Amino acid sequence: MLKDTPMAYVESLEAARRQTDTQWQERAAAMSGDSSFTLVADSGQDGSKLCALMRVVLKHPQDPEKPLQAMLISVYVAPGHRGLGLADELLKEACKAAAEELSAGSMELGVHEENSRALAFYRRHGFETTGAGRPYPQDTSKRELTMQRRLP
Ligand SMILES: CC(C)(COP(=O)(O)OP(=O)(O)OC[C@H]1O[C@@H](n2cnc3c(N)ncnc32)[C@H](O)[C@@H]1OP(=O)(O)O)[C@@H](O)C(=O)NCCC(=O)NCCS
């Protein structure tokens, strides 16, 4: 996924390849708590053929006065599965599970300003740009836009 659409992610392929096994294990452990989940669609019996991936993590620190906020990260649909509804299915499930299982009241994400396909996809699912953002880490002349939507 990093090779396929580099601008979709804040980590470069080179940086990911430099990670040691221990670092990958630490990252996996950080994602295994009860404040996050990962949705995976695969087409192989052993899960080897990745079709799509989406991760949701609760944003911290949380203000106890405000509803919990979820972050959508690591969004990827393999090229052969785009435009067929798989992304819709996963995002609907991600929003539902974020509301029901993480009790989140809203979902936020960051998207490269030139990733027009992702922008159109998120807009279709009710996400709107908030006006916030930051320089895109791999090319600070570009912006990573923040989008948000309320969860049912
Ligand atoms: C972003 C992504 C998950 C969307 O899934 P998808 O199955 O491709 O989404 P869809 O085709 O249903 O919808 C994309 C929208 O972009 C439009 N679109 C299709 N190809 C496009 C292109 N080359 N450029 C711009 N828009 C495009 C579609 O018409 C659709 O618009 P609509 O909702 O107004 O009809 C998927 O393309 C993907 O994984 N891309 C690579 C990784 C990525 O960018 N991740 C997001 C990181 S924030």
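Before reading on, note that the structure itself is shown above.
So, here's what we can say about the structure. Within every chain, residues take consecutive numbers counted from 1 along the sequence as written. Thresholds applied to this predicted model are a pLDDT of at least 70 for local features of residues and 80 or more for the giving and counting of side-chain atom pairs; totals over whole chains, interfaces and linings are not thresholded and use all residues.

## What to know about the overall build of the protein
We count it as follows: A helix here means a DSSP run of H or I that spans at least four residues, while a strand means a run of E at least two residues long, and both kinds are numbered starting from the N terminus. Throughout, the radius of gyration refers to the C-alpha atoms, and the reference size of a globule is 2.2 Å times the residue count to the power 0.38. Exposure criterion: with C-beta atoms placed from backbone coordinates, a residue whose C-beta has 20 or more other C-beta atoms within 10 Å is buried, one with 12 or fewer is exposed, and one in between is partly exposed. A pair of residues counts as a contact when their C-beta atoms, built from backbone coordinates, are within 7 Å of each other.
Scanning the protein for helices and strands turns up four helices and six strands. Scaling as 2.2 N^0.38, a compact globule of 152 residues should have a C-alpha radius of gyration of about 15 Å, and the protein matches this with 16 Å. C-alpha extents for the protein along the principal axes are approximately 40 × 35 × 35 Å. Taking all 152 residues of the protein together, 18% fall into the buried category. Nonlocal contacts in the protein, meaning residues at least 24 apart in sequence, comprise 54% of its contacts between residues at least 6 apart.

## Examining the pairing of strand β4 (residues 104–112)
The line we're drawing: Only strands joined by at least two bridges in the DSSP assignment are considered to pair.
As paired elements, strand β3 (residues 68–77) and β4 share four bridges and run parallel to each other. Each bridged residue has a counterpart across the sheet, and for A70 the counterpart in β4 is M107. Here seven bridges tie β4 to strand β6 (residues 139–150), and the two strands are oriented antiparallel to one another. Bridge assignment links E108 to a residue of β6, and that residue is Q148.

## Notes on the site of the ligand
Let me state the cut-off plainly: Nearness between a residue and a molecule or strand is assessed with a C-beta atom placed from the backbone; a distance within 6 Å qualifies. Residues are grouped as follows: Ala, Val, Leu, Ile, Met, Phe, Trp, Tyr, Cys and Pro are nonpolar; Asp, Glu, Lys and Arg are charged; all remaining types, including Gly, are polar.
Not every one of the 16 residues close to the ligand is listed here, only the nearest: A8, R82, G83, A87 and A120. Those elements that provide at least two residues to the shell around the ligand are β3 and α4 (116–124). Here the shell around the ligand is composed, by residue class, of nine nonpolar, four polar and three charged.

## Things to note about the sheet that holds β4
Put simply, the rule is: Axis lines are fitted through C-alpha atoms, for helices just across the contact stretch, and the angle between N-to-C directions can take any value from 0 to 180 degrees.
Across the sheet, which stays open at both edges, the six strands sit in the order β1-β2-β3-β4-β6-β5 with mixed pairing between neighbours. Both edges of this open sheet fall to β1 (36–42) and β5 (128–136), since each of them pairs with a single strand only. If you compare each strand with its neighbour and ignore which way they point, the axes differ by 25° on average. Those strands touched by helix α3 (residues 86–101) are β1, β2 (50–58), β3 and β4, and its axis lies near 25° from that of β2.

## Notes on the environment of H112
Relative to the helices and strands, H112 is located in strand β4. On the neighbour-count criterion, H112 (22 C-beta atoms within 10 Å) is buried. Those residues within four positions of H112 in sequence are excluded, and the remaining contacts are M7, A8, Y136, K142 and E144.

## Here's the deal with unusual backbone geometry
The bulk of non-glycine residues show a negative phi, and the bulk of peptide bonds are trans. At S74, a position not held by glycine, the phi torsion is positive, near 50°. Residue position: S74 is located in strand β3. The phi torsion at S103 lies on the positive side, around 60°, for a residue other than glycine. Locating S103 in the fold gives a position in the loop between α3 and β4.

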